[in-house]
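Analysis of the macromolecular model
So the chains spell out like this:
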Amino acid sequence: MPSGRIRSTAYASKVMSADDAVQFIQPDDTVAISGFASAGTPKVIIPALADKIRGARATGPNFTINLLTGASVSTETERLLTEVDGIALRMPYQSEATARKRINDGRMDYVDIHLSHVAQQVWVGYYGKVDVAVVEVSGITESGELIPSASIGNNKTWLDVAEKVILEVNSWVPAGVEGMHDVYYGTALPPNRKPIPLTRVQDRIGQQTFRVDPAKVVAVVETDHRDSASPVTPPDAISEAIAGHVLDFFDYEVRNGRLPADTLLPLQAGIGNVANAVLGGLDRGPYKGLTCYSEVIQDSMLRLIKDGTVSHASSTALALSEAGIEELTSNVDFYRNHITLRPQEISNHPEVVRRLGVIAMNGMLEADIYGNVNSTHVMGTRIMNGIGGSGDFARNGYVSLFLSPSTARDGAISSIVPMTPHVDHTEHDCQVIVTEHGLADLRGLSPRRRAPLIIEKCAHPEFRPMLNDYFVRAEAMPAAGQTPHILGEAFSFHQRYLETGSMR
């Protein structure tokens, strides 16, 4: 049934079923799809493509694609393509268990990169040509421009570089989202770059729609499917304790004149219950008129906007629970005035992050006693999700905080270790570490001064004696150097866990 969302007669003539549309996708194609943290992922093309791959396998030929996305996509999307072994290469971020297992078993190539780097790397051809882009939109205007849906991600880039484009027009997306987007077309490759003219979170520097060459659009598919919800775990005692330390840190920075008293500086927070707890705690403090410059907007941000704690939030996607989706869709006209969705090459742009002075708050798997952070690899070798945008914000933010419970696996794993076997964020990009036990402010401290502070403030009490013993012996070694280590023992915590099931 026509939805009325396709207002261009030229595109109306290209409407077809999903099964017909996927005939434009062939084995070995590089396929770029919309979606960022579940929002805006194609709803019917991917199941149809998975069926096509399954059918092709039944007759013998191999059928895989290279899959490019904004970041994570809906778990259904990733799982459907993974279960039929349909993905040869994945980039730049993933978060689904089936795909993660394929990657760690060596059955799927995965390229983990900073999200701000994706557009440039695709433009210059690191991944070859993009054969097909599959992009969800909420409508098509009379002039043929595309109204984005609940995420923007890399969609602008996909529409620009792909040889063929398939559009999913999703009438479930509230018509009121039109006007929430700011699509900037002023980026360029070196040597033709110009400054990004964004000096305030609420600034609009682009247009509300995507442009696409109509000749590249080979299919339009109409859908009426809701976005997958992003699970939100209610804050527990540990995440509330971490949030309390962060909020105390903000108060400390205000007292010392490093943050504005009422509005702080623009906030960025990763996904998860710890980030939600930190953001949720802001409405209990003295701060009003706050701003957010981040990758995603979660449920807690909607509450802060509604009660006036946050005046404006900028991101590239909405990562909402079922309740959050209902809240947004029911009050979309209100939220449209307080939320701006941008391409991720702008939401994560190092130049803008530095200019705005963003306060970066991201999760980690572990940190070592000198402040090097591992946010991606379990036991140093097995990928969890990916670096995402944490590096874009950590290196370029005004201050960079990494947050984590002090232990995992019921206390068997310490998140503070002698040396991390994989490093995503070096000690140079990590300024503050926070666990439920305390906050270690590492700014201005040499490695030898960092270690005792991290152990005292952040490590779980059961692991502190072991960490202190390691550090004291490392520091006492001849030629201990700037960053003392006992190389034969540096990974002893991890080795002990692999052998016994516990770091204790």
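Looking at an unreviewed UniProt entry, one finds the protein chain named Acetyl-CoA hydrolase/transferase family protein and attributed to Gordonia amicalis. As stated in UniProt under Sequence similarities (unreviewed entry), the record for the protein chain gives "Belongs to the acetyl-CoA hydrolase/transferase family."

**A closer look at the sheet that holds strand β17 (residues 366-368)**
Overall, mixed pairing links the three strands, which are arranged β18-β17-β24 in an open sheet. Of all the strands in the sheet, just β18 (373-374) and β24 (416-417) have a single pairing partner and so form its edges. The pairing of β17 with β24 spans two bridges and is parallel. Residue Ala 367 lies in a different strand from β24, and its bridge partner there is Ile 416.

**Quick word on the UniProt feature "domain: Acetyl-CoA hydrolase/transferase C-terminal" (unreviewed entry) in the protein chain**
In the numbering used here, UniProt assigns the "domain: Acetyl-CoA hydrolase/transferase C-terminal" (unreviewed entry) feature to residues 324-470. Taken end to end, residues 324-470 comprises 33% helix and 24% strand; its first and last C-alpha atoms sit 46 Å apart.

**Here we look at the sheet that holds strand β5 (residues 132-137)**
Strand order in the open sheet formed by seven strands is β4-β3-β2-β1-β5-β8-β9, with parallel pairing between adjacent strands. At either end of the open sheet lies a strand with only one pairing partner, and these are β4 (109-110) and β9 (217-223). As judged from the six bridges shared by strand β8 (residues 164-170) and β9, these two strands associate in the parallel manner. If you follow Val 169 over to β9, its bridge partner there is Glu 222. Strand contacts of helix α4 (residues 75-83): β1 (30-33), β2 (65-68) and β3 (87-91), with the helix running at about 150 degrees to β3, the strand carrying the most contacts.

**What about the environment of Lys 52?**
By the element assignment, Lys 52 lies in helix α3 (residues 45-58). The class for Lys 52 is buried, based on a relative accessible area of 17%. For the pair Lys 52 and Val 22, spaced 30 residues apart in sequence, the C-alpha separation works out to 7.7 Å. Once residues lying within four places of it in the same chain are set aside, the contact partners of Lys 52 are Val 22, Gln 23, Ile 25, Gln 26 and Phe 63. Polar side-chain contacts of Lys 52 include one of 2.9 Å to the backbone oxygen of Val 22.

**Brief notes about the packing of helix α10 (residues 299-306) against helix α11 (residues 322-330)**
For the pair α10 and α11, interaxial distance at closest approach is 9 Å and the crossing angle is 35 degrees. Every pair of crossing elements has a handedness; the one defined by α10 and α11 is left-handed. Of the residues in α11, those in contact with Asp 299, Leu 302 and Lys 306 of α10 are Ala 323, Gly 324, Glu 327 and Leu 328. Of the residues contributing to the contact of α10 with α11, the split by class is three nonpolar, one polar and three charged.

What counts as what
- Residues numbered from 1 in each chain as written.
- Predicted model: local features only at pLDDT ≥ 70, side-chain atom pairs only at ≥ 80, totals over all residues.
- Heavy atoms only, no water.
- UniProt positions renumbered as here; feature names shortened; annotations may be inferred.
- Pairing = 2+ DSSP bridges.
- Helix = DSSP H or I, 4+ residues; strand = E, 2+ residues; numbered from the N terminus.
- Contact = heavy atoms within 4.5 Å.
- Axes fitted to C-alpha atoms, helices over the stretch in contact; angles between N-to-C directions.
- Buried < 20%, exposed > 50% of the residue type's maximum accessible area, 1.4 Å probe, protein only.
- Polar contact = N/O pair within 3.5 Å; in protein donor to acceptor, adjacent residues only side chain to side chain.
- Left-handed = near helix turned anticlockwise from the far one by under 90°.
- Nonpolar A, V, L, I, M, F, W, Y, C, P; charged D, E, K, R; others polar.

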